[in-house]
Amino acid sequence: MFSVVIPLYNKEFSIKRTLESVLNQTFSNFEIIVVNDGSTDDSLEVAKLINDSRVRIIDQHNGGVSSARNRGIKEGQYEWIVFLDADDLWEPNHLETINSMIVKFPNDRVFCTSFIRSTENLPVEKDRKISIIEDYFEEASKYHFFWTSVTCINKTVFNDVGVFNERLSRGEDLDLWARIGKKYRFIRSKEVTAIYVQDSDNKLSFTKTSLDKSILNNISFQGLNKSQAAYFKKLILRKIRFSILNGDFRVLMKLILKYNINLL
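Criteria and cut-off values
- Numbering of residues begins from 1 in every chain and follows the order in which that chain's sequence is written.
- Only residues with pLDDT of 70 or above have their local features reported here, since the model is predicted, and side-chain atom pairs are shown and tallied only from 80 upward, although totals for entire chains, interfaces and linings are computed over all residues.
- The side-chain numbers reported here are obtained from all heavy atoms of the structure, hydrogens and water having been left aside.
- Side-chain rings of Phe, Tyr and Trp, where Trp is taken by its six-membered ring, are said to pair if the distance between their centres is within 6.5 Å; with planes under 30 degrees apart they count as stacked, over 60 as edge-to-face, and otherwise as tilted.
- Going along the chain from the N terminus, every DSSP run of H or I of four or more residues is numbered as a helix, and every run of E of two or more is numbered as a strand.
- To sort residues, take the accessible area from a 1.4 Å probe on protein chains only and compare it with the maximum for the residue type: under 20% means buried, over 50% means exposed, and anything in between is partly exposed.
- A positively charged side chain is recorded as over a ring if its NZ (Lys) or CZ (Arg) lies within 6 Å of the ring centre. The angle to the ring normal must also be within 35 degrees.
- For our purposes a nonpolar core is just a set of buried Ala, Val, Leu, Ile, Met, Phe, Trp, Tyr and Cys residues, chained together by side-chain atoms within 4.5 Å.
- It only takes one pair of heavy atoms within 4.5 Å for two residues to be counted as in contact.
- DSSP-based pairing: two strands are paired if at least 2 bridges between them are found.
- The salt bridge criterion pairs a side-chain nitrogen of Lys or Arg with a carboxyl oxygen of Asp or Glu, the two atoms within 4 Å.

J.: So what's going on with the packing of aromatic side chains? Residues and values would help.
T.: Following the criterion strictly, the structure yields 20 aromatic pairs and no others. Residues Trp80 and Phe111 carry aromatic rings whose centres are separated by 5.6 Å and whose planes lie at 70° to one another, so their mutual orientation is edge-to-face. With Trp80 in strand 4 (residues 80-83) and Phe111 in strand 6 (residues 110-117), this residue pair connects regions lying 31 residues apart in the sequence. Comparing Trp80 with Phe111, the two get one shared label, buried. Clustering of aromatic rings is evident, with ring pairs tying together Phe83, Tyr136, Phe137, Phe145, Phe146, Phe158, Phe164, Trp177, Phe186, Tyr231 and Phe232. The ring of Phe164 is capped by Arg69, whose NZ or CZ atom sits 5.4 Å from the centre of that ring.

J.: Can you tell me about the nonpolar core, naming the residues and giving the values?
T.: Of all hydrophobic cores here, the largest spans 74 residues; its most connected members are Phe2, Ile180 and Phe232. Excluding residues within four positions of it along the chain, Ile180 makes contact with Val110, Ile153, Val157, Val161 and Phe186. Among the nonpolar cores identified, the runner-up in size contains five residues, and Leu89, Val192, Ile195 and Val197 belong to it.

J.: Help me get a handle on the pairing of strand 8 (residues 151-154), residues and values and all.
T.: Taken residue by residue, a regular strand's side chains alternate between the two faces of the sheet. Of the two faces of strand 8, both are covered, the one formed by Thr151 and Ile153 as well as the one formed by Cys152 and Asn154. As defined by bridge partners, strand 6 adjoins strand 8 across three bridges and the pair is classed as antiparallel. Residue pairing for strand 8: Phe111 is matched across the bridge by Cys152.

J.: Which residues make up the pattern of salt bridges, and what values do they have?
T.: In the structure shown here, the tally under the stated rule is 14 salt bridges. Two residues, Lys11 and Asp87, come together in a salt bridge whose shortest N-O distance is 3.1 Å. Residue Lys11 is located in the loop between strand 1 (2-8) and helix 1 (15-23), and its partner Asp87 is located in the loop between strand 4 and strand 5 (89-90); the two are separated by 76 residues in the primary sequence. Under the relative-accessibility criterion, Lys11 is labelled buried at 10%. Of the charged contacts, one joins Asp52 and Arg54 as a salt bridge, the two residues approaching to 3.0 Å between their closest N and O atoms. We classify Arg54 as partly exposed; its relative accessible area is 23%. The structure contains a network of salt bridges with shared partners spanning Glu31, Arg56, Arg71 and Glu75.

J.: Which residues make up the pairing of strand 6, and what are the values?
T.: Burial of strand 6 is extensive: seven of the eight residues sit out of reach of the surface. With six bridges connecting them, strand 6 and strand 9 (residues 186-196) associate as parallel partners. Following the sheet pairing, Phe111 is matched in strand 9 by Ile187.

J.: Summarise the environment of Ser169; cite the residues concerned and give the values.
T.: Relative to the helices and strands, Ser169 resides in the loop between helix 6 (155-161) and helix 7 (172-181). In this structure, the C-alpha to C-alpha distance between Ser169 and Leu211, residues 42 residues apart in sequence, is 9.5 Å.

Shown next as structure tokens:
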């Protein structure tokens, strides 16, 4: 039922634990597609030590995380694609929680659960409320709830809106979620089923990249409705504030010159 896509790049110290968190799921109808994206450490060898017929490893030259995720989407045999980064973790009920939502909302195509950061503790009282998010942009302006490792997307959605933009190396996930958000509603469970591991040595940073390869350099306000425009404006303003605080005046000037009409 589920194709679990795990992009792997230099995560030799975390990939075993990540894979075990999938194999320990209470819902067992899944395959795992590990896309090794040209790792230069022992990540691939560690992944190969996992002896389970549901694990399939694809080895490719380094093309970036979007390339690896897109390869996983293409290779997935099931209709539901779920993502998990190679250093993050799922609680045992993650897939079961998503499956129950799919059963409850059979006409929807985009689902997610909730997560905590590794510096936080799991909530003592579980919140199993399900919310229907009609306007992705309004909700995401408050909180980036649709984090990659809690998402579940039907393959037909990718056929409709496309996959990850491989030209982007920062914000490529936000770019795809925005394309999805323009056409689909999101079903979200507030139950925490995933852990975002923040102390990873090569977590993506929204600040350490060329602006040319960031979502922030690829935003068009033409044709956007009010909530969509407000969401993208907030992303840009946040980066402008960060650039001021860090003295990154080159990026600051690029953003002001590119978007000054829309930001006034």
